[in-house]
Amino acid sequence: MSMTVGWLRRQLAGVLALVLMVGLFFASRLPYASAEERGDLADRYRFAPTTISLPGGFPQQTIRRVNKDYKHIDAWISSVGSGIAMNDLDGDGLANDLCVTDPRTDQVSVTPAPGRGGDRYAPFALRPEPLPMTTPMAPMGCAPGDFNEDGRMDLLVYMWGRTPILYLAKAGVTGLSAAAYQPTEVVPGNPTRYEGPLWNTNAVAIDDFDGDGHVDIFVGNYFPHSPVLDDTVKGGVQMNDSMSHGINGGEDYFLRFTGGTGGATPTATFELVENVLPFAASKGWALAAGANDLDGDQLPELYVAHDFGPDRLLHNRSTPGNLKFALVESAVGRAVVPKSKRIGVDSFKGMGVDFGDLDRDGRYDMFVSNITTSFGIEESHFAFIDTAKDDADLRRQFTEGRAPYTDRSAPLGLAWSGWGWDAKLADFDNCGELVVAQTTGFVKGEVNRWPQLQELATANDELLRHPLSWPHVTAGDDIGGSQRLHFFAKGPDGRYVDLAGELGLDIPVPTRGIATGDADGDGRLDFAVARQWDEPVFYHNQSPSPGAFLGLRLIHDGPAAPADAGLPAPGSPVVGAQVRVTTADGRTFITRVDGGSGHSGKRSHEAHVGLGRDVTGPVRVDLRWRDRTGQVRQQELQLTPGWHTLRLGSQAQER
């Protein structure tokens, strides 16, 4: 007996290790659903793919010209820049206009969404003239918003090689065209020659960050300010100084709204605010950013997804006119939680972020895209689930520097898909559960470069910042080039299942941005996808048996735009407004007016909630917003399912 006990004691460490390995296997195994279960889930959805019309006549390219030090990795440098946004640009009351950034032409195009009304105007490219431009500049994304508060929808184009450009919608125009917009510098400079900083922007987030009642702009830069796209220059550029803790990227900034006017020659002014974020947060390699009020004080927190190092969650402690944020991180000392699974200290390659209530507890969770390629770089995505008791508890923990979130991506079936980019959480069949739609893929070619990338990932950090240390990734090379769009729907057991194959969405082309919106007003969210070095595509939602929904167009109360013979003004969206919907049977849903979170895809400004198939009568709607004076307002309404337009001032009034 004693010999048996002794043997067991000697083997205890091995037994525990085996138990742990088995437990981890079952906790992290890939999601499995039978063919019948997948079929039942897929039957709820149907999407019709349609080509998006773009203006012609522009020179085509298959790869970008880059700094001579980057020539051997020009495909890597050319791997971003495909973006898409959905919104109501012409004031017809529908999110049926698209703004597309296309690296094949380096143009930013506005075009009608395919389908009904697709011939309202001819597709056109935005023209920056008379603003100074040089060849080594390229657009990376387009974010709609009312940036001068005249009730018309403007466009913010962020770029590599310069500061962003605002295209302000003019009054009095009778149709959308390049002439309908006034190009405006966000950061004023020399009006005839660009002499400003060489920002390389890959992320923006738009919200009222200081709580003064006006939207501001967060600008997240990727490369250090440098001539990345200038092929006449050799040098003056660098790569990340670490694969897991790179903090030598481009500086991040805020642009705080200070004023604007409408009319035929509209204006908008913003104050450039530097050194708002801590250095360790501001110098990351930003690829995505998201803003949302997480703790209930109507000040949006900011999540910045960083390549090559820790993402950052920043608690908003601003006051009107004074921007202030503090880092919050997951609790340390949790032996069973790896460092890379904790907010603020992870080492993964963050490339997309969105907010939504994944576990249906009435509180926001976060989904973050990383690189998750088997036999490539096998990290995991994050499904950070809120664990606070209530808003007060979350605010208290934020104040103490803690982020009470647990990554549950593996048990939810959301941990792995590929080289992830943009992600959007939305209810596409109005069943009351969110889908996670996600883009993946990197560089498409014929020569597999995963082995060289693996070698690079294990290289000495001292070598990484030098471009010559990087392996060739140029025309013809392939890294995740056949990865596909993903569409994760929640199954009856609570785990998510990717239905992209069943729905015909899994085309083997690298994708980047996702935009969502109801283009035809039928209550079913459509979506558009930007594909890197390929044509964008629009997916018309034809789901056969959708549930009820509540759709809210929330606009600021204020003086109406002057009547003229031009296009109608849809109103200024109340970005950051929070919506909580409670049904008669006690189910709760939350959403908000998103100003433009994510990588390169921007959803429309409407607030959309799927209610399920059993709701027929009115639902309780709790609204919380800031008016134009910065005052926080709250109101409870009873609204019937369907679309509603509400003006929000000191009170909410249906229009």
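Rules of the game
- Residues numbered from 1 in each chain as written.
- Predicted model: local features only at pLDDT ≥ 70, side-chain atom pairs only at ≥ 80, totals over all residues.
- Heavy atoms only, no water.
- Phe/Tyr/Trp six-rings, centres within 6.5 Å; stacked < 30°, edge-to-face > 60°.
- Helix = DSSP H or I, 4+ residues; strand = E, 2+ residues; numbered from the N terminus.
- Buried < 20%, exposed > 50% of the residue type's maximum accessible area, 1.4 Å probe, protein only.
- Contact = heavy atoms within 4.5 Å.
- Salt bridge = Lys/Arg side-chain N within 4 Å of Asp/Glu carboxyl O.

For the chain, an unreviewed UniProt entry supplies the name CRTAC1 family protein and the organism Micromonospora thermarum.

A few words on the packing of aromatic side chains. Counted by the stated rule, this structure contains 31 aromatic pairs. Geometrically, the ring pair formed by Trp199 and Tyr253 is stacked, given 4.6 Å between the ring centres and 10 degrees between the ring planes. Here Trp199, found in the loop between strand S9 (181-185) and strand S10 (201-207), pairs with Tyr253, found in strand S12 (residues 253-261); they are 54 residues apart in sequence, far enough to count as distant. The exposure class assigned to Tyr253 is buried, which follows from its relative accessible area of 8%. Measuring from ring centre to ring centre gives 5.5 Å for Phe428 and Phe487, while their planes differ by 45 degrees; the resulting arrangement is tilted. On the criterion of sequence distance, the pair formed by Phe428 in the loop between strand S22 (420-426) and strand S23 (435-440) and Phe487 in strand S26 (residues 486-490) is long-range, its members being 59 residues apart.

Secondary-structure assignment places Gly598 in the loop between strand S33 (588-592) and strand S34 (601-602). Residue Gly598 is classed as buried on the basis of its relative accessible area of 0%. C-alpha of Gly598 to C-alpha of Asn96: the two residues are 502 residues apart in sequence and 20 Å apart in space. Residues in contact with Gly598, not counting those within four places in the same chain, are Ala288, Ala289, Val353, Asp422 and Lys424.

What follows covers the pattern of salt bridges. Applying the stated criterion to the full structure yields 40 salt bridges. Put simply, Arg120 and Asp90 hold a salt bridge, and the shortest N to O gap is 2.4 Å. Placement of the pair is Arg120 in the loop between strand S4 (107-112) and strand S5 (124-125) and Asp90 in the loop between strand S2 (83-87) and strand S3 (97-102), with a sequence separation of 30 residues. Between Arg256 and Glu271 there is a salt bridge; the shortest N-O distance is 3.2 Å. You can see Arg256 sitting in strand S12 and its partner Glu271 sitting in strand S13 (residues 267-273), a full 15 residues away along the chain.

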